[in-house]
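# Chain and residue survey
Residue-level listing of the chains:
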Amino acid sequence: MARRKREKRKWPPFGIPKGIVPLATPDGWRHSVLTLEGGMLCGRLAVPVDTDPHDARAAAAAMVAGLARAFHGADVEVTWDPPQEPWSWTARVTLVPGIEPGAPYAEG
């Protein structure tokens, strides 16, 4: 029986982030990243369950900045809105003025 050659999975590019929502849950910190293109990326923040909210927000901001840099070659600023509910925050993500996104996402 012949085996098919396994193709490399090509992940879709991550859109330019425009907002992030970290959320504390009993199982740990979660996040939703909204993109300019209308997409959404949801997942778990890579921090322990008992992480202080300030540190969780910092981790979320660093994650979004890293994604924008890796996929678009762009630097972003994260501006946190005042919390409307305990244990849930929202932030606006904006491109740093004067730096245009340009580097395509890394394939591989």
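Our subject in this report is the structure included herewith. (Residues numbered from 1 in each chain as written. Predicted model: local features only at pLDDT ≥ 70, side-chain atom pairs only at ≥ 80, totals over all residues. Heavy atoms only, no water.)

### Regarding the pattern of salt bridges
Rule in force here: Whenever a carboxyl oxygen of Asp or Glu lies within 4 Å of a side-chain nitrogen of Lys or Arg, that contact is scored as a salt bridge. Type-normalised accessible area, obtained with a 1.4 Å probe on protein chains alone, sets the label of each residue: buried when under 20%, exposed when over 50%, and partly exposed for intermediate values.
Counted under the stated rule, the structure contains 2 salt bridges. In this structure, the salt-bridge partner of R69 is D75, at a minimum N-O distance of 3.1 Å. Look at D75 and you get partly exposed, because its relative accessible area is 29%.

### Regarding the side chain of H31
Note the threshold: Each helix is a run of DSSP H or I of at least 4 residues and each strand a run of E of at least 2, with the numbering of both proceeding from the N terminus. Any two residues whose heavy atoms approach within 4.5 Å are treated as being in contact.
Here H31 shows up in strand β2 (residues 28-35). For H31, a relative accessible area of 7% puts it in the buried group. With sequence-adjacent residues up to four places away left out, H31 is seen in contact with V21, P22, L41, C42, G43, R44, L45 and M63.

### Quick notes on the nonpolar core
Using the following cut-off: Working definition of a nonpolar core: buried Ala, Val, Leu, Ile, Met, Phe, Trp, Tyr and Cys residues. They are joined through side-chain atoms within 4.5 Å.
Grouped together as the largest cluster of nonpolar side chains are 16 residues, with contacts concentrated most on I20, W29, V33, L45, V64, V76 and V93. The element that contributes the greatest number of residues to this core is helix α1 (residues 53-72), accounting for 6 residues. With residues near it in sequence (within four places) discarded, V76 still touches V64, A65, A68, V93, T94, L95 and V96.

So, to be careful, I would describe these as geometric facts and stop short of saying anything about function.
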